[in-house]
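Observations on chain architecture
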Amino acid sequence: MVMTTENKRKEATKISRRTFIKGSGAAAAAVTLGSAGIVGTWADVAEGAPVDLTNAKTFTSSCTMECLHHNLKGYVVDGKLVKVEANTDDPTKACLRGLSRVQWVNHPDRIKMPMLRTGEKGEGKWKEISWDEATDLIVTKIKETQKELGNQGIAYKGGSGNFGQLVNPLSGAFFNYLGGSTPFVGSLCCQVVTTTMPPMLGSRYEDTRDTIQDSKYILVWGTNPAVTMQSYMYRYMDAMSNGARMVTIDPRFSETAAKSDEWIPILPGTDAALGLGMLKIIIEEKLYDLDFLQNHSSVHFLVDKATGDQAKADDNETSYLVYDEISKSIVAHDAKGISPALSVANTEISEKYTTVFDLIYEETKIWTPEKVQEETDVPAETVIRLAHEYATIKPAMMITNMGGFQRTEYGSYAVGIQFYLSVFTGNWGKPGNGVCDAGGVQTNLKINAPIKSPKPQGEFGSIPSPKLGEYLLADKPNKIGFLWVMTTSLMTQFPNTNAVKAALKKIPFVVVVDSLMTPTALYADLILPNTTVFEYTDLLANNRSHYVQLMEKAVEPPGEAKSDLEIFTMLAKKLGFGEAFDKTPEELIEVCLEGTGITLEQLKQGPVLGTPDPYIPYKDGIFKTPTQKAELYMPMWKSKGFNPVVTYIRPNEFIHGDKELAAKYPLMAVQRKINRTIHSTFGNLPWILETCGDKPHVLIHSEDAAARGINDGDRVVAFNDRGEHKCVAIVKDHIKKGIVALENGWWEQHGGSSSYVTSDFVEPLGGGHSCNNTLVEIRKEA
Ligand SMILES: Nc1nc2c(c(=O)[nH]1)N[C@H]1C(S)=C(S)[C@@H](COP(=O)(O)OP(=O)(O)OC[C@H]3O[C@@H](n4cnc5c(=O)[nH]c(N)nc54)[C@H](O)[C@@H]3O)O[C@H]1N2
Ligand SMILES: Nc1nc2c(c(=O)[nH]1)N[C@H]1C(S)=C(S)[C@@H](COP(=O)(O)OP(=O)(O)OC[C@H]3O[C@@H](n4cnc5c(=O)[nH]c(N)nc54)[C@H](O)[C@@H]3O)O[C@H]1N2
Ligand code: SF4
Ligand SMILES: [Mo]
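To keep things clear, this report deals only with the structure shown in the data block. Note that this is a predicted model, so its numbers are computed, not measured.

**Structural notes on the site of ligand 2**
- The environment of ligand 2 is made up of 31 residues, and the closest members are Thr-488, Asp-514, Asn-530, Ser-680 and Thr-681.
- Taking Thr-487, its main chain carries an N or O atom lying 3.2 Å from a nitrogen atom of ligand 2.
- The side chain of Thr-681 places a nitrogen or oxygen atom 2.6 Å from an oxygen atom of ligand 2.
- For ligand 2, the protein covers 95% of the area, taking 930 Å² as the surface of the free molecule.
- Of the residues belonging to the shell around ligand 2, the class tally is seven nonpolar, 19 polar and five charged.
- When residues of the shell around ligand 2 are assigned to domains, at least three fall in each of domain 2 (115–188 + 445–530 + 558–609) and domain 4 (659–780).

This is the structure we're talking about:
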C-alpha cells in the first residue's frame, strides 16, 4: 500500500496536500467539461460575486455515482457549502459535473420532508408528512404486503447513484433482515462483462488506465473515453505524442473517434463477427503469440467430442487433459516437460477429442474479410489491416470500459472475442497492453460489507432487470405489493419506459428515496428526502477509482433530509432489528476497512491508494482463474444451450434481422452517454442546464434526414411499438447512414428518456441489456 499519490504528472507540479490546504483560500480550480470546452475558474462560474474563502473550513468527499469517483474538496462558510473543487491530490481531476455538486447541495428544489402522494400517480400532488408518520406507514405497508403476498411481494431496486459503502450495501442487509424479497437480476450496465470476464480471466474490474500512455496501439472498441472516462484522455494523447496509433470502432464518429488516427464505423451488434474475422487472419497467418498461448491460455485443453465438455485430468477445476506432442500421449496440462498440441486434428486421438483451439478456429473459418464486410459494413481491406496492426504493433491495448458494443443482443460474444484477440496476441501483463475494463480498489482490497446480511428465508423467483416494467406489470414471477427504489432512476434508465411507468402506477406502494424530484420520484407513493455528498459521512472504495476515500460530512442537510443509513436505522428499530443498524457511520466504516490495512485515521489525512502503482492486470500473464490461464472455453454458455466458444449470432432487432420490424422501423438506434449527465444524475443543475442545454438530441445522417424532410435543429420524434422519444435533430454525417444516436439520461421534465424506445430484450448468455439493438423510425414533430 502506498500512501502518497504517485502520479508522474502531479510530481511534476509539486503540489503536496499540505501546501494545497494552506494555500487553498487563493487557489482556483480549472474546470473543464469535455468537448463543450468550458474552461474557467470559480470566480467565472459562481452565482453572482466570488465568495470570500479566507475563513472557509474545508472538507473532502467523493463524487459517488458510476463514474470515476473523483476526490472533491468542499468549502464551508457559515455552515453553507459555498464551493466544490477538484482535490489536487487526485491524479485526475473532477469535471464540471462534480463541481456542480455545490448546486445540488444548495438546490432550491431539494426535497426536505417525506412527501405523501395526494393526487394520481405521476400528477405531482403531495403533502408533507413527518418522519414518524412516514416510517409508521412504511412499516404498515410492509406488514400488509407480507400478510397478503409473503416476502415475495416485497422488492427493492438499487442502482448506480451512489457507490458508497453505507448506501446500497445496507439495502441487501435490511431486506434480508425482513426475511428476503424478490430480487432483480442483472445490471443494465455491464452484465455481460460480469458474466464473461471472471470465468475467462478470473476477475473483473481490471483496468489498464495507469499505462495507457505506454501503449503503441490503442484500439478503442465500442466505447467513448473522451466523454465517459474524460479525465484520463490526456494519457491517450500522451501515447499518441509518443507515436502510438489510435483506432476507434464505433457506428458514430464519436468524440474519441475525432481524436483517433482512424474511425471504423460498424453496424451495431456485429462486433463479434468483426472480431472472428480478425482472429481468422491472426490464426491463418500465424500472427499469434505461440509462447503466450502455450503458457498462459487454455487453447490446448482437450474437448471430448461426445459430450462437448473439456476433458479434466481430475475432479477439480485446476487440471485438464492435453495432447503432448513429444510423448504422443494424453497428459495433464500441468505435467512437466511437455509440449501440448494446439490442434489434434491430424493425430490418432482426433476421433475422440478436439481442442479449444480447434473449436475456436472452426468458428472463425466462415469469417473471410468479404463475409465480415457483408455483415458488419467494415470494408474487407480494413478488417485485414486491423488484424495485422493489432497483432503486430506492441504493446497493444484494447479499450472497452463497459462500452456500448456489449449492450447488444449477444453482447457476451462481443466481450469474449475481444478477450480472445488479446490472449492470442499475448497482449496481457505488461505496461501498455491488456483490455481496459472499469476498475478500482475492489480488485485488490477486500472491503467488507458494513452490516452482515442474514440469509433470506424461503424461495424467491427473480425479475431480469431489462424486463422490470414487463415483469412487474404481468405479476411475474409473482405480484409485487411494495417496491423500494433507491440510487436508481427507473423512469430514465430502464428500457421500455411506458411499461415501467405503468408498473409504477400499478404497484400498490412505491417508496422512492432521493434528494430531488426526479422523474422516478414523480411516480412514487411516498418520497423520502435523502442527503447528498457533503451532507453525510461515508467510505468510497469501489470499482471505479484506485483510491480509498473518506466522504466527510461538511454541512447539515436541508429540512429533514436523511442519509440512507439513518432511514434504514429508523425503520429497523420499528421492525425489531434496530441494534443491527443503530451504528455510527464511523463504526461501520471501521467494519468495512477491517483486514485491509487501511485505517479511518489514515483516511482522515487524505485518499489512500488502494492498488499497486502502476496497476498492471494479470501481471506477467498470470490470470486469476483456477488454472491461472485464460480459459477461453465457457461451460456456462454451454449450460445455457449456446456455443461454449465465441460465435456470432445476428441480432433480431436489427436491419438485417426481423424483416417485418426492419421494414416498419428502418433506423438502427444506438445510445450514447453525454457530457451533461452521468445517466440521469446532475440533469437539473443550473450550470449543467446553462452549458449543455435542456433538450435531448438525435444524431442523424444527412441522407436519412433528407428522406424524412428533417433539417438540422428540427424537433423530431423517434418512435417504435414501445413508445416515443422527443428530441432535436442534429443533421451531420458523423454517423453511418441508417443509424441514429440517441442520448442517455434525459428527465421526464425535459421531454423524457430515450429508454421509451430502447429494446428490453434480455441478452440470453449473460442476462444483459440490449439497448443498442433498437429499431426506430423518425418523423418531424407535428
Ligand atoms: N459523461 C458520462 N460519462 C460516463 C457515464 C455517463 O452517463 N456520462 N456513464 C458511465 C458508465 S456507468 C458507463 S457503463 C460508461 C460507458 O461508457 P461508454 O461505453 O463510452 O458509453 P456509451 O456512450 O454508452 O457507448 C460508447 C459508444 O458505443 C457506441 N456503440 C453503440 N452500440 C455499439 C455497437 O454495437 N458496437 C460498437 N462498436 N459501438 C457501439 C456508441 O455509438 C457510443 O459512442 O461510461 C461511464 N462514464
Ligand atoms: N436508454 C439508456 N438506458 C441506459 C443506458 C443508456 O446508455 N441508455 N445505460 C445503462 C447504464 S450503463 C447504466 S450504469 C444505468 C444507470 O442507471 P441508474 O443506476 O438508474 O443511474 P442514474 O440515472 O444516475 O440514477 C441514480 C439515482 O440515484 C440517486 N442517488 C444519488 N445518490 C444517492 C444516495 O446516496 N441515496 C439514494 N437513495 N439515491 C441516490 C440520484 O439522485 C439518481 O436519481 O443505466 C442504463 N440504462
Ligand atoms: S462526474 Fe465523473 S468525471 Fe465528473 S467529477 Fe464526478 S466522478 Fe469525476
Ligand atoms: Mo454503466
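**Observations concerning the environment of Gly-767**
- Locating Gly-767 in the fold gives a position in the loop between β28 (739–743) and β29 (774–780).
- Since its relative accessible area comes to 18%, Gly-767 is described here as buried.
- As for Gly-767 and Phe-253, which are separated by 514 residues in sequence, their C-alpha atoms are 29 Å apart.
- Among residues more than four places away in sequence, those in contact with Gly-767 are Gly-186, Gln-191, Pro-466 and Val-762.

**A short note on the packing of aromatic side chains**
- Across all of its chains, the model carries 29 aromatic pairs by this definition.
- Judged by centre distance (4.7 Å) and plane angle (35°), the ring pair of Phe-174 and Phe-568 falls under tilted. You can see Phe-174 sitting in helix α7 (residues 168–177) and its partner Phe-568 sitting in helix α21 (residues 564–575), a full 394 residues away along the chain.
- In this structure Phe-568 comes out as buried when scored by relative accessible area, which is 0%.
- Relative to Phe-623, the ring of Trp-428 has its centre 5.9 Å away and its plane inclined at 80°; by these criteria the two rings are edge-to-face. Placement of the pair is Trp-428 in the loop between α17 (411–424) and β16 (434–436) and Phe-623 in the loop between β23 (608–609) and α25 (635–639), with a sequence separation of 195 residues.
- Judged by its relative accessible area of 2%, Trp-428 is buried.
- Classification of Phe-623 as buried rests on a relative accessible area of 2%.
- Among the aromatic residues, those joined into a cluster by ring pairs are Tyr-156, Phe-174, Phe-175, Tyr-177, Trp-484, Phe-568, Phe-577 and Phe-581.
- Its guanidinium or amino end placed over the ring of Tyr-75, Lys-83 lies 5.0 Å from that ring's centre, counting from NZ or CZ.

Reading guide: rules and limits
- Residues numbered from 1 in each chain as written.
- Chains lettered and ligands numbered in written order.
- Predicted model: local features only at pLDDT ≥ 70, side-chain atom pairs only at ≥ 80, totals over all residues.
- Heavy atoms only, no water.
- Near = heavy atom within 4 Å.
- Polar contact = N/O pair within 3.5 Å; in protein donor to acceptor, adjacent residues only side chain to side chain.
- Areas by Shrake-Rupley, 256 points an atom, 1.4 Å probe, with all protein chains shown as cover.
- Nonpolar A, V, L, I, M, F, W, Y, C, P; charged D, E, K, R; others polar.
- Domains from an automatic or database assignment.
- Helix = DSSP H or I, 4+ residues; strand = E, 2+ residues; numbered from the N terminus.
- Buried < 20%, exposed > 50% of the residue type's maximum accessible area, 1.4 Å probe, protein only.
- Contact = heavy atoms within 4.5 Å.
- Phe/Tyr/Trp six-rings, centres within 6.5 Å; stacked < 30°, edge-to-face > 60°.
- Lys NZ or Arg CZ within 6 Å of the ring centre and 35° of its normal.

The values reported here are purely geometric and, on their own, carry no functional implication.
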